[in-house]
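Read off the chains here:
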Amino acid sequence: MKIILNKQFYSIEAIEETLNDFKDVCDGRILNDKIEVEIFPKEEVRQLKEEFCNYVLGLMKNKNLI
Amino acid sequence: MDKNIKKSVILKINPELYPLDVIYSAAYIFLNRAYVFLDGNPEKEILVSLESKSNEDIEKLKGEFLNEMINYADYKERSKNTKNIRETILLRALFTNDPSIADKDPEFDELIKELEKEDNSVDSDEVIAPWGDLEK
């Protein structure tokens, strides 16, 4: 599944960190500089896309954690 | 359960009224109650999509989000307005605690001189006196 995140609102660093934190749940990669993210769920997770986006926002709040 | 219950809403926000950092601050508050998605153009119109995680009334969630934005916008404005006074209080506290700090940093010394100048320019009649002193 693909998630398109607007680069004017989401930071690449936070997305990369999210992909790393979600590695047990899904694999993923950033496709291009529009920040199109493709994720491959390893198991069925409810609203994975939405959880992913929320997690990115949460990390951006805690920039020091990245 | 009624499957027709609306669970998501898209807010169109004018960035001239609510800057992006205010929108971020409001969004963070809602991360545990809703799925928040940001899109649009930060210069023209910001789109905030809210999707309730539970069966919470989406209109209520939307109203609370808008209130939260006003709250943060006000906080930001007040912080900006009181920046100088907060810096002055901090400088005073640092200087009182360790006057030698002025010797170590010439910039600090200049700031203290400015503050002293401001102190001298205050008319003593304008200073509020305690009630007891007025009676004497």
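Now for a quick tour of the structure.

### Topic: the pattern of salt bridges
Throughout the structure, instances matching the rule amount to 10 salt bridges over all chains. Among the ionic pairs, Glu36(A) bridges to Lys2(A), the shortest N-O distance being 3.7 Å. Placement of Glu36(A) in strand β3 (residues 36-41) and of Lys2(A) in strand β1 (residues 2-4) is noted, with a sequence separation of 34 residues between them. The exposure class of Glu36(A) is buried, given its relative accessible area of 13%. On the accessibility criterion, Lys2(A) (45% relative accessible area) is partly exposed. Of the charged contacts in the structure, one is a salt bridge between Asp74(B) and Arg78(B), with a shortest N-O distance of 3.1 Å. Of the two residues, Asp74(B) and Arg78(B) are both situated in helix α2 (residues 58-81); the distance of four residues between them amounts to about one turn of the helix.

### Description of the nonpolar core
The nonpolar side chains of soluble globular proteins are, as a tendency, buried together. Among the nonpolar cores identified, the biggest contains 41 residues, and Val48(B) and Phe65(B) are the most heavily contacted of them. For this core, the elements supplying multiple residues, two or more each, are α1 (12-21), β3 and α2 (48-61) of chain A together with β1 (8-13), α1 (20-30), β2 (34-41), β3 (45-52) and α2 of chain B. In this structure, Phe65(B) is in contact with Leu11(B), Ile13(B), Ile23(B), Ala26(B), Ala27(B), Phe30(B), Val48(B) and Leu50(B), ignoring residues within four places of it in sequence.

### Notes on the interface of chain B and chain A
One widely used convention gives an interface's size as the accessible area the parts lose upon coming together. Taken together, the 17 residues of chain B in the interface contact 15 residues of chain A. Interface area for chain B against chain A, summed over the two sides, is near 1500 Å², with a carbon-plus-sulfur share of 56%. Scanning the region where chain B abuts chain A turns up zero salt bridges. At the junction of chain B with chain A, the criterion picks out nine residue pairs in polar contact (both at pLDDT 80 or more). Mapped onto the side of chain B that touches chain A, the elements with two or more residues apiece are α1, β2 and β3 of chain B. In terms of residue count, β2(B) provides more of the side of chain B that touches chain A than any other element does, eight residues in total. The residue makeup of the side of chain B that touches chain A, split by class, is 12 nonpolar, two polar and three charged.

### Describing the pairing of β3(B)
Residue and element names in this part refer to chain B. As paired strands, β1 and β3 are joined by six bridges and run antiparallel to one another. Considered in β3, the bridge of Ser8 is made with Glu51. With eight bridges connecting them, β2 and β3 associate as antiparallel partners. Note on β3: the bridge partner recorded for Ala34 is Ser52. Counting the residues in the hairpin turn of β2 and β3 gives three residues.

About the thresholds
Residues numbered from 1 in each chain as written. Chains lettered and ligands numbered in written order. Predicted model: local features only at pLDDT ≥ 70, side-chain atom pairs only at ≥ 80, totals over all residues. Heavy atoms only, no water. Salt bridge = Lys/Arg side-chain N within 4 Å of Asp/Glu carboxyl O. Helix = DSSP H or I, 4+ residues; strand = E, 2+ residues; numbered from the N terminus. Buried < 20%, exposed > 50% of the residue type's maximum accessible area, 1.4 Å probe, protein only. Core = buried A, V, L, I, M, F, W, Y, C linked by side-chain atoms within 4.5 Å. Contact = heavy atoms within 4.5 Å. Buried area = accessible area lost by both parts, 1.4 Å probe. Polar contact = N/O pair within 3.5 Å; in protein donor to acceptor, adjacent residues only side chain to side chain. Nonpolar A, V, L, I, M, F, W, Y, C, P; charged D, E, K, R; others polar. Pairing = 2+ DSSP bridges.

Honestly, it's all geometry; don't read function into it.
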